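Given next are the chains, with one letter for each unit.
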Amino acid sequence: MQALRHVVCALSGGVDSAVAALLLRRRGYQVTGVFMKNWDSLDEHGVCTADKDCEDAYRVCQILDIPFHQVSYVKEYWNDVFSQVSQDALRRTIFPLGGLTKEFVKKIAAENRLHHVLQKKESMGMCFIGKRNFEHFLLQYLQPRPGHFISIEDNKVLGTHKGWFLYTLGQRANIGGLREPWYVVEKDSVKGDVFVAPRTDHPALYRDLLRTSRVHWIAEEPPAALVRDKMMECHFRFRHQMALVPCVLTLNQDGTVWVTAVQAVRALATGQFAVFYKGDECLGSGKILRLGPSAYTLQKGQRRAGMATESPSDSPEDGPGLSPLL
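My aim in this report is to walk through the structure given alongside it, one point at a time. This structure is a prediction, so every number in the text was calculated from the model and none was measured.

Here we look at the overall build of the protein
And step 1. Helix and strand counts for the protein come out as 9 helices and 15 strands.
And step 2. Counting only contacts in the protein whose residues sit at least 6 apart along the sequence, the fraction spanning at least 24 positions is 59%.
And step 3. Of the roughly 20200 Å² of accessible surface on the protein, 52% is carried by carbon and sulfur atoms.

Structure below.
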């Protein structure tokens, strides 16, 4: 008699992983449920749901009558959060829910006594550290570095903050004393200043050019068309669930790529990962290392160039007394 193939199913305590384990068991696999502890809740003061999630994962294993194990990846998460998967690992990976809708997954759970995971809210964001105030969480590990909020349009100081690292490009900056919303457009890590703009669609938030680190190709090598032509059309995204953006990749000799978006994209930021797609296939990803100029910077340059062309340099009214454009 042929031995059953043994698979390990990661259980988060939620409905998706619970149904994945159920379907694998139905397909004849010998399934072991594993709950990964990725954050040490004893290291900081917050409300971490890891213990409750672990209990829910254990209960799933009891209902399905499969072994349960808990493993700790606290050190690995602290030193190097999981990002990029090799082709070798994908060859041995199964995605049981790949063709199922969320509604159908919930229906399967309801029909198989997994009601306790149906009642949980969907996990969003950094589910491995639980729900908490992100600023307070970071300040338990990083020393405050007070700085200023500065208007990108006139360099006026609008307020103060506790550290530039607390802010992501594109997010709303809650500045005391200001009723209208301002949004983060640039950060100066040396001076500690955070530059903000007064509208969510301000041109300072939009860019169409970026450069990545050496790209991690899932197929372990760049697409043949990119190698041959040094350029290739595809799509990319840099946030989960954002719409795919048409772009052109330009391959550099060191394996990095320039990414030129067909239209300017809001809130690109260094440190994020640009993930590339061709049709339904995910090709690979690279960390964003450099950004091109914002649409606002380009507009300023065009206005300056237009003034230099249209205004005679010897015109007295357009000389030194002209206010500079920002």
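Structural notes on the sheet that holds strand β8 (residues 193-197)
In sheet architecture, strand pairing relies on hydrogen bonds along the backbone and comes in two forms, parallel and antiparallel.
And step 1. Read from one edge to the other, the open sheet built from 5 strands follows the order β5-β4-β8-β7-β6, with strand pairing classed as mixed. This sheet does not close on itself; its edge strands, each paired only once, are β5 (157-161) and β6 (172-173).
And step 2. Pairing of strand β7 (residues 182-188) with β8 involves 5 bridges; the strand directions are antiparallel. Considered in β8, the bridge of Asp188 is made with Asp193.

Here we look at the side chain of Gln272
And step 1. Among the secondary structure elements, Gln272 is positioned in the loop between β13 (257-266) and β14 (273-278).
And step 2. Its relative accessible area of 18% is what places Gln272 among the buried residues.
And step 3. Beyond its immediate sequence surroundings of up to four residues, Gln272 is in contact with Phe238, Arg239, Ala267, Gly286, Lys287 and Ile288.

Description of the layout of surface pockets
And step 1. Each pocket or cavity is described by its volume, and for the second largest pocket that value is around 200 Å³.
And step 2. In terms of lining, the second largest pocket is formed by Arg214, Val215, His216, Trp217, Glu220, Pro222, Lys230, Leu251, Asn252, Gln253 and Gly255.
And step 3. Class assignment for the residues of the lining of the second largest pocket results in 4 nonpolar, 4 polar and 3 charged.

A look at helix α2 (residues 50-64)
And step 1. Counted at 1.5 Å a residue, the expected span for α2 with its 15 residues is 21 Å, and the 21 Å between its end C-alpha atoms agrees.
And step 2. Buried residues along α2 sit in contact with α1 (15-26), β2 (30-37), β3 (68-72) and α6 (115-118).
And step 3. Asp65 occupies a position one or two residues after α2 and carries a positive phi of about 60 degrees.

What to know about the environment of Asp65
And step 1. Structurally, Asp65 can be placed in the loop between α2 and β3.
And step 2. Sequence-wise, Asp65 and Val31 are 34 residues apart; in three dimensions their C-alpha atoms are separated by 9.5 Å.

A look at the pattern of salt bridges
If the charged atoms of two oppositely charged side chains come close together, the side chains can form a pair.
And step 1. Per the stated rule, a full pass over the model turns up 9 salt bridges.
And step 2. The closest approach of N and O atoms between Asp16 and Lys102, which form a salt bridge, is 2.7 Å. A residue pair is termed long-range when its members are at least 10 positions apart, and Asp16 in helix α1 and Lys102 in helix α5 (residues 102-111) qualify at 86 residues.
And step 3. According to the relative accessible area criterion, Asp16 is partly exposed, its value standing at 31%.
And step 4. Here Arg228 and Asp229 are joined by a salt bridge, their closest N and O atoms 3.2 Å apart.
And step 5. Put simply, Lys52, Asp53, Asp56 and Lys120 are held in one network by salt bridges that share partners.

Topic: the side chain of Ser213
And step 1. Relative to the assigned elements, Ser213 resides in the loop between β9 (206-212) and β10 (216-217).
And step 2. The residues contacting Ser213, other than those within four sequence positions of it, are Gly255, Thr256, Val257, Gly286, Lys287 and Leu289.

Details of the sheet that holds β3
And step 1. Spatially, the 3 strands line up as an open sheet ordered β1-β2-β3, and their pairing is parallel. Of all the strands in the sheet, the pair left with one neighbour each is β1 (6-10) and β3. Within this sheet the neighbouring strands show an average axis-to-axis angle of 35 degrees, counted without direction.

The rules behind the values
Residues numbered from 1 in each chain as written. Predicted model: local features only at pLDDT ≥ 70, side-chain atom pairs only at ≥ 80, totals over all residues. Heavy atoms only, no water. Helix = DSSP H or I, 4+ residues; strand = E, 2+ residues; numbered from the N terminus. Contact = heavy atoms within 4.5 Å. Areas by Shrake-Rupley, 256 points an atom, 1.4 Å probe, with all protein chains shown as cover. Pairing = 2+ DSSP bridges. Buried < 20%, exposed > 50% of the residue type's maximum accessible area, 1.4 Å probe, protein only. 1 Å grid on protein atoms, 1.4 Å probe; cavity = no way out; pocket = protein on both sides within 12 Å on 5 of 7 lines; lining within 4 Å. Points joined across faces, edges and corners; volume = space filled by probe spheres on them. Nonpolar A, V, L, I, M, F, W, Y, C, P; charged D, E, K, R; others polar. Expected span 1.5 Å × (residues − 1). Salt bridge = Lys/Arg side-chain N within 4 Å of Asp/Glu carboxyl O. Axes fitted to C-alpha atoms, helices over the stretch in contact; angles between N-to-C directions.

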